[in-house]
Amino acid sequence: MEKHYVKIRSIKKVTHDTLGIITDKPENYNFKPGQATNIALDREGWVDEKRPFTFASLPEDDFLEFIIKTYPEHDGTTDKLLEVKAGENLILNEIFGSINYKGEGVFIAGGSGVTPFISILRDLYKKNRIGSNKLIFANKTKADIILRDELETMLGDKLINVLSEEKTGEYAHGFVTDELLEREVGDFKGYFYLCGPPMMMMTVEGYLYDLNVDKDRIVKETF
Ligand SMILES: Cc1cc2nc3c(=O)[nH]c(=O)nc-3n(C[C@H](O)[C@H](O)[C@H](O)COP(=O)(O)OP(=O)(O)OC[C@H]3O[C@@H](n4cnc5c(N)ncnc54)[C@H](O)[C@@H]3O)c2cc1C
């Protein structure tokens, strides 16, 4: 079974509850933007506690990057990551993941569900191929928006932030609804990339079917 020990080069908060982790990259380690691996901590009692996380870096980078939302209340791996320091190892397992870029469309993410889209969007941006792709990004508050500045730079007005628990005047307020989709999407003929918590996924997928989006145009992963 594939297993790699990689050293953490840096680990720091990118939002109040989300970590950005840069690690070494194993030789000949090939993933596609959108893919993930199961990660465990190389600490006694934690090596079998594998959790799935997505590569945020680009395949050609000589390092790996992960953006990981922490849940202290789970008392699990992400909570433990809050005490991990640069120089420690992470254990990576097989590469997998059902999200990959198929063509222009609309990315719809809830919270840390944006992670598979980060590598995809970075890749498109680098190749000057953002085109008409849009990202509808649902969060509770502005402080929860992961990599807001970078997403704004890459997407400009094609980044649509939706906040359920904060009224800013700047961003849409509420959830991702059918009205919001009709207002923001316009053309329903492209691909829809969905990633987020189960309830959001179920609801948004239902709206997309109501709006006559074909099942084979929906690319999704539940977090
Ligand atoms: C393919 C894939 C890729 C992913 N990539 C990323 C990524 O790049 N970045 C990222 O941030 N996340 C990502 N996730 C989500 C991430 O894997 C989970 O958030 C992580 O496994 C949680 O680990 P944990 O040890 O903190 O919690 P666990 O202990 O593993 O808890 C798992 C689940 O148990 C439940 N649970 C446990 N304890 C509690 C509690 N006290 N209260 C409420 N619910 C509880 C919740 O449903 C929770 O989601 C990905 C998920 C998938 C499927």
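Everything below is about the structure shown above.
The structure contained in this document is the topic of the report that follows. Note that residues are indexed from 1 along each chain, following the sequence as it is written. In keeping with the predicted nature of the model, local features appear solely for residues at pLDDT of at least 70, side-chain atom pairs appear and are counted solely at 80 or more, and the whole-chain, interface and lining totals rest on all residues. In computing side-chain values, all of the structure's heavy atoms are included and hydrogens and water are not.

## Regarding the pattern of salt bridges
Every case where a carboxyl oxygen of Asp or Glu lies within 4 Å of a side-chain nitrogen of Lys or Arg is listed as a salt bridge. By the definition in use, this model includes 12 salt bridges. Of the charged contacts, one joins glutamate 60 and lysine 126 as a salt bridge, the two residues approaching to 2.7 Å between their closest N and O atoms. Note that glutamate 60 is positioned in the loop between β4 (51-54) and β5 (63-69) and lysine 126 in helix α2 (residues 115-126), a separation of 66 residues in sequence. Residue class for glutamate 60 comes out partly exposed when judged on its relative accessible area of 45%. Secondary structure counts use DSSP, requiring at least four H or I residues in a row for a helix and at least two E residues in a row for a strand, with both numbered from the N terminus. Three labels apply to residues, based on accessible area from a 1.4 Å probe with only protein chains included: buried if under 20% of the type maximum, exposed if over 50%, partly exposed otherwise in between.

## Quick notes on the pairing of strand β2 (residues 18-24)
The buried count for β2 comes to 5 of 7 residues, which makes it a mostly enclosed element. Strands pair, by our definition, only if DSSP identifies at least two bridges between them. In the sheet, strand β1 (residues 4-15) pairs with β2 via 6 bridges, with the strands oriented antiparallel. Paired with serine 10 across the two strands is isoleucine 22, which belongs to β2. From the end of β1 to the start of β2, which pair antiparallel, there are 2 residues. With 7 bridges joining them, β2 and β5 adopt antiparallel strand pairing. Across the sheet, residue glycine 20 finds its bridge partner in β5, namely isoleucine 67.

## Concerning the packing of α2 against helix α3 (residues 148-155)
Two measures define how a pair of helices packs: the angle their axes make with one another and the distance between the axes. Note on geometry: axes are lines fitted to C-alpha atoms, helical ones only across the stretch in contact, with angles between N-to-C directions running from 0 to 180 degrees. Where α2 meets α3, the closest approach of the two axes is 10 Å, and the angle between their N-to-C directions is 40°. Classified by the interaxial angle, the pair formed by α2 and α3 is oblique. Here the hand of the crossing between α2 and α3 comes out left-handed. Seen from α2, the contacting residues are Leu121, Arg122 and Tyr125; seen from α3, they are Glu150, Leu151, Thr153, Met154 and Leu155. Just so you know how the angles are binned, under 35 degrees is roughly parallel, over 145 roughly antiparallel, 65 to 115 roughly perpendicular, and the rest oblique. Crossing chirality is assigned from the near helix's rotation relative to the far helix, an anticlockwise turn below a right angle marking it left-handed and a clockwise turn marking it right-handed. Only heavy atoms enter the contact rule, under which two residues are in contact if any of them lie within 4.5 Å.

## Points about the sheet that holds β4
Taken in spatial order, the 6 strands make up an open sheet running β4-β3-β6-β1-β2-β5, and their pairing is antiparallel. Among the strands making up the open sheet, the edge pair consists of β4 and β5. Each strand axis lies, on average, 40° off the axis of its neighbour in the sheet, ignoring direction. As judged from the 4 bridges shared by β1 and strand β6 (residues 89-96), these two strands associate in the antiparallel manner.

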